[in-house]
Amino acid sequence: MKKPTKKTWVAALLALPLICGVMFLFASRYGHLSINLPMAHKAAFDTDASAYPGQLHAEGNGLVDANVQVVTLRGLMPPDPAVLRRKGRFERLFFDEMADSGANVIRLPVHPERWERDPDYLWRYLDPVVAWNGENGVYTIIDLHFIGDIDTDRGAQMPDIRMPSRDFAIAFWRQVASYFKDAPHVIFEIFNEPADISAEDWRTNAQALVDVIRSTGADQLIIVGGIEYSRDLSWVLEEPIKGENIAYATHIYPAHSRYSWDHWFGDVAEKYPVVVTEWGWMETDPGGEQAYLVGSRKTYGEPFMEYLDQRGIGWVACWYDDEWRPAMFENGIEQSTPFGKFVLQKLSGQ
């Protein structure tokens, strides 16, 4: 092999800035390359929140704002902000579009792996989104997106992180609640989908997370999910979570028979605030991997919305995306799926 000459090395060094510039432009346009520059770490969310939506409070089986007006949450759920950044969608305009749909809440999923990998996650993603939503008059649910057993770390979808999930969740909520304790429109959803765990064990762990949040001085609304992937809240009627300003979450998909809705969450909603923080459907499942999502407007969407409307139960539809299933869009976020079209009609009051 011919040895490179000095002239060759000089040419290569001169070309390096051009190559880096092309890579940067490519990344900016297509979102395939992500360079995380360090962020300044503020001690607390210090944006003027006087124009933001007023803090919600659990009163009876409903939610009221600072003026004691009943608020029914209806909103959307995009992918994890780190994923949005990779797709080139982590920007103010994207969140403005969700607010313009008529949504009054946006559920923001935080995946533990992404939080652990990026020590600036809180300041890079959560801080700006909370500010954007507040300025748009929209509530923000911060959802710690675990799926599985917090007590034993069991579960096929539990994240690959360095510390036990319970310790991780406690540390996460201590930091996040302390940071946002003065942001009135922030809501804390402590654990996305408890699974493979008994009601007794989940109640114990959920209480610990609630207590950690309250220990920071944060008194905003806290949402606690049910067991069986958040589907089943029946245990709440036996013994609810102790404390003030608590609501409960259920996740209901087409495979979840309507004949069980009363037992799983409807009866609970007669006594405590309940929000469906995930729901949706897709027409087909070509890969055969998510059959529980297969449904239609007629067999699932319309009867489910009617059930919720009759009981004043709020909801968050997922996903506001063209890839994560069930998707509201296809081929970008311009063309709606039947599910997406239905959601946007509901949010616009049609």
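Keep in mind that what you see is a predicted model, and the values were worked out from it rather than measured.

1. A few points about the UniProt feature "domain: Glycoside hydrolase family" (unreviewed entry) in the protein
Then comes step 1: Here the UniProt feature "domain: Glycoside hydrolase family" (unreviewed entry) sits at residues 94-317.
Then comes step 2: The span residues 94-317 is 40% helix and 18% strand, and its two end C-alpha atoms sit 16 Å from each other.

2. Digging into unusual backbone geometry
Then comes step 1: Note that the residue after Cys318, namely Trp319, is joined by a cis bond; omega there is 5 degrees.
Then comes step 2: Among the secondary structure elements, Trp319 is positioned in the loop between strand E12 (314-318) and strand E13 (329-330).
Then comes step 3: The step from Arg325 to Pro326 runs through a cis peptide bond, and the omega angle for that step is 0 degrees.
Then comes step 4: Mapped onto the elements, Pro326 comes out in the loop between E12 and E13.
Then comes step 5: Even without a glycine there, the phi angle at Asp153 is positive, about 65 degrees.
Then comes step 6: Topologically, Asp153 is positioned in the loop between strand E6 (147-148) and helix H6 (165-180).
Then comes step 7: Take Asp153: its relative accessible area is 36%, and that puts it in the partly exposed class.
Then comes step 8: In this model, Asn331 sits at a positive phi of 55 degrees, which is unusual for a non-glycine residue.
Then comes step 9: Residue placement: Asn331 occurs in the loop between E13 and strand E14 (335-336).
Then comes step 10: Exposure remark for Asn331: the relative accessible area of 69% places this residue in the exposed category.

3. What about the sheet that holds strand E5 (residues 139-144)?
Then comes step 1: Within the closed barrel, the eight strands sit side by side as E3-E4-E5-E7-E9-E10-E11-E12. Their pairing is parallel. The sheet shows a mean angle of 25 degrees between the axes of neighbouring strands, direction not considered.
Then comes step 2: By the bridge criterion, four bridges tie strand E3 (residues 74-77) to E12 in an arrangement that is parallel. The residue of E12 that forms the bridge with Leu76 is Ala317.
Then comes step 3: In the packing of H6 onto the sheet, the strands contacted are strand E4 (105-110), E5 and strand E7 (186-189), and the crossing angle to E5 comes to about 160 degrees.
Then comes step 4: Sheet contacts for helix H9 (residues 261-269): strand E10 (246-252) and strand E11 (274-279); angle to E10, the most-contacted strand, approximately 155 degrees.

Parameters and conventions
Residues numbered from 1 in each chain as written. Predicted model: local features only at pLDDT ≥ 70, side-chain atom pairs only at ≥ 80, totals over all residues. Heavy atoms only, no water. UniProt positions renumbered as here; feature names shortened; annotations may be inferred. Helix = DSSP H or I, 4+ residues; strand = E, 2+ residues; numbered from the N terminus. Buried < 20%, exposed > 50% of the residue type's maximum accessible area, 1.4 Å probe, protein only. Pairing = 2+ DSSP bridges. Axes fitted to C-alpha atoms, helices over the stretch in contact; angles between N-to-C directions. Contact = heavy atoms within 4.5 Å.

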